[in-house]
Structures are given as structure tokens and as C-alpha cells.
Amino acid sequence: MSIASFLSPATRESVAPPAEGVPLLEVRDLSVTFYTPRGTVRAVRHASFTVRRGEVLGLVGESGCGKSTVAFATLAYLPGTAEVGGSILFEGRDLMTMPAGELRDLRGSRIAMVYQDPGSALNPTMRVGEQVEEVLHTHLGLSGQAAEERAASLFESVGLPNPARVGRRFPHELSGGQQQRVVIAMALACEPDLLLMDEPTTGLDVTTEATILDLVAELKDRVNAGIVFVSHNLGVIARVADRVAVMYAGQIIEEAPVRELFAGPSHPYTAGLLSCVPAPVNETGLMPQLRNIPGSVYPASEPNVDACLFADRCPMVQDICRESAPPEIAANAEGHPVRCFFPERVDSDTWGEPTPRPRKPRSTNEAPLLQVDGLHQYYGTDQKKYIFFGPPSRRPVRANVDVDFAIQPGRTLGIVGESGSGKSTAARSIAGLERRTAGEVLLDGEPLAAGVGDRPRGQQSKVRMVFQNPAASLNPRLPIGSVLVRSIRKSRGIGKAEARGIAVELLESVGLDGGYMDRRPRELSGGQQQRVALAAAFAADPELIIADEAVSALDVSVQAQVLILIAERQRREGTAFMFITHDLGVVRYISDDILVLYGGHVVETGPAEAVLRPPWSPYTEALLSAAPVPDPDAEPSRIRLEGAVPTLRQPFAGCPFAGRCPRNLGDLCNNTPPPMRVDSADPRHQILCHIPLEELAADQRAAMRGRSAVGETPRGR
Amino acid sequence: MARFLLLRLGLIVVTLLVISFAVFGVTEVLPGDVATQILGQGATPENVAVVRERLGLDDPWPMRYASWVGGVVRGDLGESLVQRLPITEMVGGRLVNSLILASFTFFVAMPVAVAVGIWAGVHRNSFGDRLASMFSLVAISLPEFVTGVVLIIVFSTTLGWLPSSSLVEPGTNPLTRPQILVLPALTLTGVMFAYVMRMTRANVIEVLETNYVRSAILKGLPMRQVIWRHVVPNAMLPTISVITLNIGWLLGGLIIVENVFSYPGIGRMLLTSIQTRDMPLLQALALLIAATYAVSNLFADLAYTWLNPRIRFA
């Protein structure tokens, strides 16, 4: 047991400082290989990096690139089947050869971790206070009142409401953002020297993500620790990192200070990743066309070879790239290591000239394809206090309340909102997977029955749905070909041979060749599965495709492939899309019209270009300002929403958003339902708000100007 | 909480009413006339008629049901047809005997089963784990009457360590000779022990894989604390459900085990009442067993609620 663990953190700093010049963390030539029953997985291939005190190293890459493995290796936490090569030096001492007892003393006290999915990282049967106090007890010997007080001060420092009492709560009583704050408090308990954050905001709503990122940015200045921040999201990395290491197929292919990396990437993969992210609309109002990285990641099951692992997907590949592995070279005078033979050739045109995304011409008087009027969707029935009698104790959940919208043929309606806002519910009731409680839905002027089973076959094949998780929506036992053929035959009533021909064409249209017909879903990557799911939706030749978070689980490079695919299909076949997503970048990129939902109510609707410009409803404004921007110089805006969308069982007295609205006017907003105001510039643009739109627009423009004019704006709350 | 208890107690009353109806119905349709049964084969029709009259057997069934249930509610279980004694008196001592045997089994076997399960789960695939798994498989596959007889042969006939019969002398309590309890309890334990142990083991293994156990390990907690504070409470939740189910098994097992070991409990009495067509006694015992089951389930649910904050006070 080390002496350090007996001392309070305040005095510990002065004990035996490591030798001058030794970095806090040095990972040298790290290789991690898992030997599993299903094959060998080379998760990390010869990765090296260092982390110094007081800096944030962003570790970015797509799924399967080994970034999380690196994080867990840094705590020497790998399954027994892992073989580790190289060394991980914490203050010069190798964690891999450290005795178990010493390692335990380091964990949670000097090296601490924050995890993805905080809900599962907390013990559900233990009060959160106890979970923090046991760290204090184990490492600092604090117990009883002293531990409780320290836990409360930790809760306060991470911005939890009511810090003295929140410790009595169980994890399920907290929102996702609050749970993550508890996990962060737990990690900070012993003032660690090294903090590992593994996708700490993935899976949280953008609004919550923004508040957690504020906290991380603030921690960076407050604690004198080195932070390794792992994320797949370039916007998040741009917001918090000082330096960024980009991982690809288990290698670190480029490492640079954050501004340098975003301004001038030196590896073609980095450049490609940056061009895959739907960027915010620029001053000209033009949306740059997305590029995509063809192919897929060099598989972890493949051995290390003497070649560039990115060669097969690289637009500037040369013979030498396939014959020998590129060494790590310096791209400029300051270092900036990169694993490429030709870093000087990488520029903004590596992936082709940026072109504006083609805008579809808007026809003004075309009849809508889908018309939804007064859609209500309630879940559950009234429950009585004494089961069979008594006053009602639980009302049904009001997931959609009086939702109206329309989709024109060949256009895309983007639906946004936080989780719990009723987006998916709306999708499911239009698809007929849930029977709507009330409301009228017309497709091509014909009424659409509430349940999908009650719709005539013609209507069934006109509306198709694509889900977030393609693996769960494709039958794992059926070859892909038979899924497609069945769908084609059912909707068009043609012979098997003919249907097979169409199926092959469909697969080709989503970028997969006919060889995939006989494969089963599990043999495909997530992106390929989602393309198959899209092909299956196309198979029925639908007029409307409802995509519920269809690209959310995909890596950016694959997401770009799917988005491009959707845009192409729309141009060729005139298919309309109802596109549900929490990612505002994606919404901006793909939508012609936007519908913003909050608590089951429509709070803003209109053409995309109008909705994305002020005036915004205060909720849209909050969503937009929460979205992370892949630009390290972007000034984070100050509007933050705390908490989560409430579960609604009672009708609102006032505005549905009043409880969290930063622009709440008080009595009026809380007690009087707001009017749907019409934008004078574009009558299709409507906002549910008590504040007159001119006033909203002026305020919001001023806030934007204020941000860009003043360099240093106070961050967060 | 009070509301939860009230609701559950109300439900138990409803359950028992339904069961009383079923028990009454089943004894109604059983073949054989009770009056003939009492008087023997040679009874004259006149005598049979008199007895039927006295027992109220000629009343329509709803009336007989109502008077029976009414009696039960007042604590009067009726009179045994065979022994002509108030059932309440007959059952009392027997019930205590059975409860002693059941509790002895339950409170000794369950903690041990859970402990072994935890140990096996933590030391997965070790020699001890495999041994425990093998033992539990054997125990699950053997019915009580086989285990009982095997135990008698080994410990009583061969080794002579324990008595083969567990008769209790009238007027004494089984606890005055606790050694008579060992073999019946062991027999009764077999299957339950195996189920609970395997379930605990599986749950421990599952919980060990969760992210919150990973967090606990990476907080630098000693392994013992990780297991006792993070793994065990969570692994116990589904285990409690299995234990609850096993209470029913335990009550059923009592009938067999008490007969194998001649132990004077309600299980043995139940079998006797069936053999002698002592309907009032049979009805009373069936109802009693159902009530025991319902009440012990309530306690199991309370324990579950207490361990699981997510449904506490729900």
C-alpha cells in the first residue's frame, strides 16, 4: 500500500513529486490483442502518446478504432484474454507490471474514470452519496460525517442541485445528466492526477451534453490533472480538447494541437472525417455537400501488415502506401506527428472540391403527400387509487398532443427534440405501429387507418419505416436477398426471378454488390446493415420513408454515406422522408422543412431555412446553442437547459416549455397557453410562444452578435 | 408503504376466497358419500339419512359453502369426521411441528445455498464451482422420496448416526430431540438448495459483468467490498423471486418427507385425511397450506421491495 493513499489530497501534492521532465502519462508502443473464441481482435496496434498535467488530450476515432481500449488499458483493466505489448507509464512507472495492491491504490484515487452511459455505471441499489463516500473511505480514510460533507461539496462542485441532499437519492431518481455529474464527482473525489473520460456525453441529449461539456471545460482550469477525453464526436472534441490524437484501425495516425488539427489536417483520414460532419450553415446560407469516405475500416481481425492501413480508402493512395507502412513523421516544425507518406499533399480538396448541397425547388401549391391534423397519442389508461375505485391516481402519458404537420412529395421533414419530446411516438403512430388516440392522417388525400394491419396493402407499401438499430430490424436468420425479394414480391406481386433482379439493383443502389444477396445480417458491419435496411424500405417502392434516428448509431463516415444515399434516392425517385433525429447538424443537412417538438407539442415548424434563422422559439434556440460545433474557435453560447423533458400526464396550464424556458416571462407563460405565432417573413414559419416574434428575433440576433464581437464570454452557468 | 401492505393483504383475502371455493368444489365432486364413509359399508339407509341430516349434507351447496367459510372466519375449522374432534385442536400441534421442520430447513439451507452460490459465481470455473454444479445437478434430478430413502440407508441403517424415524412423542416438541429433524430437513433441502444455489451463481456471474461493478473495481475498492456491496445486493434480487417460488415447493415437499420419516406434521395429516376421506379435515388443511404460501410470499415481496429501491414504495 502506498503512503500517498493515507494522506489527504491537499498534502499529497507535495509528497515525492515525480522527476522533472517525466510526463504524467506516457503510452509507448501499446498493442492490445484479444484472443476470443470468435477470433483474434487487434484492438490497438503500436500506439504511442503522452499526456501532461493540466492538458486535455482528445482521443478521436470511429467505432472499433481502439480508443476505449486505450482508456481502459490506462487503468490496467483488460480482460484476461488480452495480450498487451509496449508499456503504459504513469509518472514513469509501468502500470502493466505493477503489483495488484499498488494498482488498486492508484485506481479511483490518482487515476479515475468517467464512463459512457452513466446510468449503467452507477450501482442501482445504492444511494449515490454512498457510492462517492466509499471512494473517500477507501482512499482517504474518511467516514461518517466527514465523508458525507466532502461528498456534498463534491456534488456542489459538479453543479448538482441541492448538494447536501442529492446523496440520499438512488441513481434511477436522477436524470441522465445528473447521473453523469455524480460519476464525475466520484472520479474527482480524491483529486486524481489523471482523469479518463470515455465518451462521457454519448447517449445524452444535446442539451445535457452541452452542460456536461461546460463542466469538463471548467474542470480543465480548476483541477491540475491530465485529462484523456475519448469521443467519436468531432464537435465535442473541438469544444474540450487541447491536443487531439486521431485513431484509425488501432493506430494513432495523427496528433496535433486542436486548432492546428481542425484548421489543417495532415492525414487524409482526418481530412475525410472533418468533411463528413454536416457543418453549420455559413453566411451564404449554402450547405456544403457532404463527402464520404468509401469502404470500411481495416478490420481488427486482420493481422498487422507492412502497408498503410488506410490505403484502400485513401483518395491519394500511391504504390508505396501498399508496400510499406508509413513511419510517424513530423508534418511541420512544431512536431505534429502523422502517419502518412505525403502529409503535405493533404488539403481541403483532398476529398474533392466542396460543392453546395443542391436545394430542391419549392413548389408552392402542390398537394401534400402526408397531412396530419390534431394527432394525439396517449399511453396507458387512467389508473384508480384503489385499483377498481377511488380518484384517478395515474393519468395516461400524453406523448403527442395536437400535432399538425404535412409533408410534400419528394421532400424531407426533419423532426427534432430531446428524448421524451414525442418524436418517435409521432413516427410510430404514422407508421401504424401504435394506434393513435385521436387525429386525422391523410396519405395522398386518403385517410390512413390507425393500425398498420387495417390499411390496404397499397397504403402499407407506400409508407415504410427505418429504425435506429438495423441489427434488430433485420431477421438474423434470413439472407439479405430473401428479405428484399419477399418485400418486393409482396408489394408488386411479381415472380421470384424478376424480384431477385430488382433486389440486386436495389443493393447496388445502396452501394452493395449482388454478392451480398446470400449473406446474413451478422456478416455485415453496422453501416452495411443500415444500407440493407434502407434497401428493404426502398423495395416496396414507397412514397414516404419514416427514418427514426436511422443514422444516429452510425459513425460519421458511414452516416455521411447513408445521408448521401438518401438524398440521391430522393432526387431520383421523389421519395418523401420523415427524418427523426436528435442531431441538429444532420437535420440542417437533410431537411426541407423542420418540426420541433417539446413534451409532445409542436413548438416550432416551418421551412428549414426559416426555422434555422431567428426568430427561433426559445426551445429551438436552446437546442441550436447546445449543439457542439466542430470548430475549436466557435464561442460556446450561453443558453443551457437543465433537467429533462417531463413525463406528461396532465395538460399544461401554460406553455409546455415554461418549466425550463430561459425566456420565461413568469405568470403569463406558466398559466396561459401561448399562441402559435406566424412569422411575417414566411407565413409557413410558426412559433409557439408568448413573446412577439419581432422581439424574439431582435434579442436573438443581438445575442449572436454579442458572442462574435466579445472574444471572451463567460461560459456556462 | 401502508397502502402497499393494505393492498397486498386485501389480495391475500381474495386469493384465499378463490382457493376456498376451489377446495370446496373439489371435495364436493370427489366420489364416495361421506355418511356411508363414516358408518361403514353395512350402514342402513335410515342411518345414512340421519347422519346426512346431522352433517347438513342435504342442504344446497351454497349454504354448506357459506357455513363452512363462516366457520373458518370465526376460527372454527369444523370437526373431523374420523376422529370426531374439532379440527382446530387437531391441527394446532401438527402445524407447529411442520413449521419447525420447514423453518429449520429454510433458515439453514437458504443462507448456505446463497453463500455457496456467491462463492461459486465469484470463483467461476474453479474446481469448487464445478463440484457444486455437479452436486446441485444430482440434487435437482432426484425426487425427495429417493433422497430420503438414500439418506436413511446411509446415515441411519448403515452408520447408525441418526434415527430413521422422526416420530415425536405425544406431548413433547420436536426440538427436545433436534436430531430427528436432521434427515427430513436434509431431504427437504436437496432440490431447493440446488435451485437457489444455481440461481445465485448465475446472477452473481451476470452482475459481475455489469458496468457498475466495473466502476466499483476501477474506484480501487478492495475486492471484498466490491462483492459484498455491489455484486451481492444486486444478485439477490432475482434470487429472492426463486426463493419465493421455492416456498411452494417446500410445502409440497413436506407432504412427502413427513410421510417418509413418519414425522407428525400437517403433510402427513393431509395424506391421512385423503385416505380416510375426512373431507372437513382435508379442506381445512388445504386452506391452511394455501394461506401459509400466500403469507410467506408477502414476506418475500417485502424483502424484494426492501432490497430494490426502484420499486420501493411503488
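1. Thoughts on the overall build of chain B
Part 1 of the argument: Counting secondary structure elements, chain B contains twelve helices and zero strands.
Part 2 of the argument: Across chain B, helices and strands are ordered from the amino to the carboxyl terminus as α-α-α-α-α-α-α-α-α-α-α-α.
Part 3 of the argument: With respect to the principal axes defined by its C-alpha atoms, chain B has extents near 85 × 55 × 30 Å.
Part 4 of the argument: When burial is assessed residue by residue, chain B has 44% of its 314 residues classed as buried.
Part 5 of the argument: Total accessible area on chain B stands at roughly 16000 Å², and carbon and sulfur atoms take up 69% of it.

2. Quick notes on the domain arrangement of chain B
Part 1 of the argument: Segmentation of chain B into domains returns domain 1 (32-76) and domain 2 (90-307).
Part 2 of the argument: On a C-alpha basis, the centres of domain 1 of chain B and domain 2 of chain B stand 39 Å from each other.

3. Quick notes on the nonpolar core
Part 1 of the argument: One finds Phe155(A), Ile184(A), Leu194(A), Phe229(A) and Leu507(A) to be the most contacted residues of the largest nonpolar core, which totals 156 residues.
Part 2 of the argument: Leu250(B), Leu251(B), Leu282(B) and Leu285(B) belong to the second largest nonpolar core, which has 62 residues in total.

4. Concerning the interface of chain B and chain A
How big an interface is tends to be stated in terms of the accessible area lost upon association of its parts.
Part 1 of the argument: The partner chain A presents 27 residues to the 22 residues of chain B that form the contact.
Part 2 of the argument: Here chain B packs against chain A, burying approximately 2400 Å² in sum over the two surfaces, 57% of which is carbon and sulfur.
Part 3 of the argument: Broken down residue by residue, the surface that chain B buries against chain A is led by Arg214(B), Leu218(B) and Lys219(B), which jointly contribute 29%.
Part 4 of the argument: The tally of links between chain B and chain A comes to three salt bridges.
Part 5 of the argument: Put simply, Glu134(A) and Arg229(B) hold a salt bridge, and the shortest N to O gap is 3.9 Å.
Part 6 of the argument: Counting the contacts that link chain B with chain A gives 14 residue pairs in polar contact (both at pLDDT 80 or more).
Part 7 of the argument: Elements supplying a minimum of two residues to the side of chain B that touches chain A: helix H1 (2-29), helix H9 (211-218) and helix H10 (223-260) of chain B.
Part 8 of the argument: Across the side of chain B that touches chain A, the residue classes break down as ten nonpolar, six polar and six charged.

5. A short note on a negative patch on the surface
Part 1 of the argument: Where like charges cluster on the molecular surface, the negative patch consists of Asp373(A), Asp402(A), Asp404(A) and Glu440(A).
Part 2 of the argument: Along the chain, Asp373(A) falls in strand S13 (residues 370-379).

6. Things to note about unusual backbone geometry
Residue and element names in this part refer to chain A.
Part 1 of the argument: Cis geometry marks the peptide bond from Pro614 to Pro615, where omega comes out at 0°.
Part 2 of the argument: By secondary structure assignment, the location of Pro615 is in the loop between helix H22 (608-611) and helix H23 (618-626).
Part 3 of the argument: Positive phi, close to 45°, is recorded for Glu199, a residue that is not glycine.
Part 4 of the argument: In this structure, Glu199 sits in the loop between strand S7 (194-198) and helix H9 (206-222).

7. Looking at the pairing of S7(A)
All names here are of chain A.
Part 1 of the argument: Most of S7 is tucked away: five of the five residues are buried.
Part 2 of the argument: Here S7 shows no split at all, with Leu194, Leu196 and Asp198 on one side and Leu195 and Met197 on the other all buried.
Part 3 of the argument: Judged from the four bridges that link them, strand S6 (residues 111-114) and S7 form a sheet pairing that is parallel. What sits directly across from Met113, in S7, is Leu196.

8. Considerations on the sheet that holds strand S1 (residues 25-36) of chain A
Two strands in a sheet stick together by hydrogen bonds in their backbones, pointing the same way (parallel) or opposite ways (antiparallel).
Part 1 of the argument: Spatial strand order, S2-S1-S4-S5 (chain A): four strands in an open sheet with antiparallel pairing. Every interior strand has two partners, whereas the edge strands, strand S2 (39-51) and strand S5 (93-94) of chain A, have only one.

9. Let's talk about the sheet that holds strand S16 (residues 397-407) of chain A
Residues and elements named next belong to chain A.
Part 1 of the argument: Reading across the sheet, the four strands line up as S16-S13-S18-S19 and stay open at both edges, with antiparallel pairing between neighbours. Looking at the sheet topology across the chains shown, the edges are occupied by S16 and strand S19 (446-447).
Part 2 of the argument: Across two bridges, strand S18 (residues 438-443) lies against S19 in antiparallel orientation. Each residue of the ladder has a partner; that of Leu443, found in S19, is Glu446.
Part 3 of the argument: In the packing of helix H14 (residues 423-431) onto the sheet, the strands contacted are S13 and S16, and the crossing angle to S13 comes to about 110°.

10. Observations concerning helix H8 (residues 179-208) of chain B
Each α-helix winds once per 3.6 residues, and so residues spaced three or four apart point in a common direction.
Part 1 of the argument: At Thr189(B), H8(B) shows its strongest bend, of approximately 40°.
Part 2 of the argument: The element H8(B) is extensively covered by neighbouring structure, given that 21 of its 30 residues are classed as buried.

11. Details of empty space enclosed by the protein
Part 1 of the argument: Within this structure, the stated rule accounts for eight cavities of 30 Å³ or more.
Part 2 of the argument: Empty space within the largest cavity amounts to approximately 120 Å³.

12. Quick word on the pattern of salt bridges
Residues and elements named next belong to chain A.
Part 1 of the argument: In total, this model carries 32 salt bridges over all chains according to the counting rule given.
Part 2 of the argument: For Asp193, the salt bridge goes to Arg53, with nearest N and O atoms at 3.1 Å. Pair noted here: Asp193 is in the loop between helix H8 (176-188) and S7 and Arg53 is in the loop between S2 and strand S3 (56-60), with a separation of 140 residues, a long-range link.
Part 3 of the argument: Residue Asp193 is classed as buried on the basis of its relative accessible area, which comes to 3%.
Part 4 of the argument: Owing to a relative accessible area of 31%, Arg53 belongs among the partly exposed residues under this scheme.
Part 5 of the argument: One network of salt bridges, in which partners are shared, links Arg52, Glu55, Arg243 and Glu255.

Scoring rules and cut-offs
- Residues numbered from 1 in each chain as written.
- Chains lettered and ligands numbered in written order.
- Predicted model: local features only at pLDDT ≥ 70, side-chain atom pairs only at ≥ 80, totals over all residues.
- Heavy atoms only, no water.
- Helix = DSSP H or I, 4+ residues; strand = E, 2+ residues; numbered from the N terminus.
- Buried < 20%, exposed > 50% of the residue type's maximum accessible area, 1.4 Å probe, protein only.
- Areas by Shrake-Rupley, 256 points an atom, 1.4 Å probe, with all protein chains shown as cover.
- Domains from an automatic or database assignment.
- Core = buried A, V, L, I, M, F, W, Y, C linked by side-chain atoms within 4.5 Å.
- Contact = heavy atoms within 4.5 Å.
- Buried area = accessible area lost by both parts, 1.4 Å probe.
- Salt bridge = Lys/Arg side-chain N within 4 Å of Asp/Glu carboxyl O.
- Polar contact = N/O pair within 3.5 Å; in protein donor to acceptor, adjacent residues only side chain to side chain.
- Nonpolar A, V, L, I, M, F, W, Y, C, P; charged D, E, K, R; others polar.
- Patch = residues over 30% accessible without salt bridge, like charges linked within 9 Å, V, L, I, M, F, W, Y side chains within 5 Å.
- Lys, Arg positive; Asp, Glu negative; His and termini not counted.
- Charge placed at Lys NZ, Arg CZ, Asp CG, Glu CD.
- Pairing = 2+ DSSP bridges.
- Axes fitted to C-alpha atoms, helices over the stretch in contact; angles between N-to-C directions.
- Bend = angle between axes of the 7 residues up to and from the residue.
- 1 Å grid on protein atoms, 1.4 Å probe; cavity = no way out; pocket = protein on both sides within 12 Å on 5 of 7 lines; lining within 4 Å.
- Points joined across faces, edges and corners; volume = space filled by probe spheres on them.

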